[in-house]
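Now for the letters of each chain:
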Amino acid sequence: MTMTSPTKAPEFGVPYTAQRARLRPSRFKPGAGKQLQGGPFAYIALAVVGIGSILPLYWTLVAASHTQDEVLASTPPFLPGGRLMHNLDAAWNQAHLGQAIVNSVIVSGCITAATLFFCTLAGYAFSTMRFRGRSGLMTAVIATLTIPPQLSVVPLFMMMSDIGWGGHLESVIFPTLVSAFGVFFMRQYLSEALPYELIEAAKVDGANNFRIVLSIVLPVARPAMMVLGMLTFVQAWNDFFWPYLALNQQNPTLQVALGQLSASYTPDQSIVMAGALISTLPLLVVFVIFGKQIVGGIMSGAVKG
């Protein structure tokens, strides 16, 4: 005769469901949730990727510290030389990089600040507000990503000329104050990270939309804003096509000024590389200062829960 063990009575003060949860077999394997340990293959792959990422910057430094004959020799140098300061000074004076850097800082800073402001507001509206035509407007915003930028160059150039902004920094700043990618990115992030119940509770307490955005939306959206700000700043800093068409040689951005170094019939490649090194240093400084926040924003967008 088979004997069955009697069911254990629930403990006093402990819900029965909690006891069942303790007795239920776990769905996770032993060791789940622990930090994964990288093997030799992982370290080799990371080393290859790291070297491949640093190699272009290192070659720029090497080429900028030698003469053009040494750079173009059949056996190019692999170690930095002693002409770095000479080439940096030549690139700075030939291309007038001082004014160009100031213009690039103004353009990139204005575009980044405006993109973060408008895209965050638009992402909040598309993710939480209910209004007529919301889906159609969002579809139209996404559809603009499929249009090549070259198609809008001619009408945009004519528009800037009619306004009187030809050759001025306004012609580069205002057409890029809002990006469709930024609106879509902030909308997707806020849809996942911003609880709708929190917005409703704030409205019940009497908070208006401005107060909600200032006290709730901006703190929640800060990680995504750091990532979007970094991407926007780098894109605006490295933009060459439209600033080359909209600005003149007397009022260029940094990338347009660097184009003057290689515009001659026989450009000095070492000086060109020195100019490229100057244009890269501000981006490295920005990443060093805000790198922790940017990586934290990327990780918070990748890990949910």
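Since we're looking at a predicted model, the values are computed, not measured.

**Student:** Outline the overall build of the protein chain, supporting the account with residue identities and numerical values.
**Tutor:** In terms of helices and strands, the protein chain carries 14 helices and zero strands. Starting at the N terminus, the α and β elements of the protein chain follow one another as α-α-α-α-α-α-α-α-α-α-α-α-α-α. When the 305 residues of the protein chain are sorted by exposure, 31% land in the buried category. In the protein chain, the proportion of contacts linking residues at least 24 apart, taken out of those at least 6 apart, comes to 71%. Summed over its atoms, the accessible surface of the protein chain is roughly 19,900 Å², and 67% of this surface lies on carbon and sulfur atoms.

**Student:** Got a sec to walk through the packing of helix 9 (residues 180-193) against helix 11 (residues 209-238)? Specific residues and values, please.
**Tutor:** At their nearest, the axes of helix 9 and helix 11 sit 10 Å apart, and the two run at 145° to each other. Taken as a pair, helix 9 and helix 11 cross one another with a handedness that is right-handed. Facing helix 9, whose interface residues are Phe181, Gly182, Phe185, Met186, Tyr189, Leu190 and Ala193, helix 11 presents Val217, Val220, Ala221, Pro223, Ala224, Met225, Val227, Leu228 and Leu231. Class assignment for the residues of the contact of helix 9 with helix 11 results in 15 nonpolar, one polar and no charged.

**Student:** Outline a nonpolar patch on the surface, supporting the account with residue identities and numerical values.
**Tutor:** There is a patch of nonpolar side chains on the surface, built from Ile54, Leu55, Tyr58, Phe78 and Leu79 and spanning about 570 Å² of accessible area. Within the secondary structure, Leu79 is located in the loop between helix 3 (68-71) and helix 4 (84-94).

**Student:** Can you explain helix 11? Please cite residues and give values.
**Tutor:** A rise of 1.5 Å per residue sets the reference length of helix 11, with its 30 residues, at 44 Å; its end C-alpha atoms lie only 36 Å apart and thus fall more than 12% short of the reference. Of all the bends in helix 11, the greatest reaches close to 60° and is centred on Arg222; the proline Pro223 follows between one and four positions later.

**Student:** Go over the packing of helix 5 (residues 97-128) against helix 13 (residues 254-261), please, and point to the residues and values.
**Tutor:** Packing of helix 5 against helix 13 brings their axes to within 8 Å, and their N-to-C directions diverge by 150°. Looking at the two axes, helix 5 sits roughly antiparallel to helix 13. Contacts between helix 5 and helix 13 pair Leu97, Ala100, Ile101 and Ser104 from the former with Leu254, Ala257 and Leu258 from the latter. Classifying every residue of the contact of helix 5 with helix 13 gives six nonpolar, one polar and no charged.

**Student:** I'd like to hear about the nonpolar core, residue by residue, with values.
**Tutor:** The tendency in soluble globular proteins is for nonpolar side chains to be buried side by side. Ranked by size, the top nonpolar core spans 21 residues in total, and within it Tyr124, Met186, Leu190, Leu194, Ile212 and Val217 carry the most contacts. Among the secondary structure elements, those contributing two or more residues to this core are helix 5, helix 9, helix 10 (196-204) and helix 11. No other element matches the eight residues that helix 11 contributes to this core. Other than its neighbours up to four places away in sequence, Leu194 contacts Tyr124, Thr128, Ile199, Ile216, Val217 and Val220. Grouped together as the second largest cluster of nonpolar side chains are 20 residues, Ala100, Trp237, Ile271 and Leu283 included.

**Student:** Talk me through helix 13; I want residue IDs and the actual numbers.
**Tutor:** With respect to burial, helix 13 is a largely interior element, six of its eight residues being buried. Considered for burial, the residues of helix 13 that qualify are Leu254, Gln255, Val256, Ala257, Leu258 and Leu261.

Quick notes on the rules
- Residues numbered from 1 in each chain as written.
- Predicted model: local features only at pLDDT ≥ 70, side-chain atom pairs only at ≥ 80, totals over all residues.
- Heavy atoms only, no water.
- Helix = DSSP H or I, 4+ residues; strand = E, 2+ residues; numbered from the N terminus.
- Buried < 20%, exposed > 50% of the residue type's maximum accessible area, 1.4 Å probe, protein only.
- Contact = heavy atoms within 4.5 Å.
- Areas by Shrake-Rupley, 256 points an atom, 1.4 Å probe, with all protein chains shown as cover.
- Axes fitted to C-alpha atoms, helices over the stretch in contact; angles between N-to-C directions.
- Left-handed = near helix turned anticlockwise from the far one by under 90°.
- Nonpolar A, V, L, I, M, F, W, Y, C, P; charged D, E, K, R; others polar.
- Patch = residues over 30% accessible without salt bridge, like charges linked within 9 Å, V, L, I, M, F, W, Y side chains within 5 Å.
- Salt bridge = Lys/Arg side-chain N within 4 Å of Asp/Glu carboxyl O.
- Expected span 1.5 Å × (residues − 1).
- Bend = angle between axes of the 7 residues up to and from the residue.
- Parallel < 35°, antiparallel > 145°, perpendicular 65-115°, else oblique.
- Core = buried A, V, L, I, M, F, W, Y, C linked by side-chain atoms within 4.5 Å.

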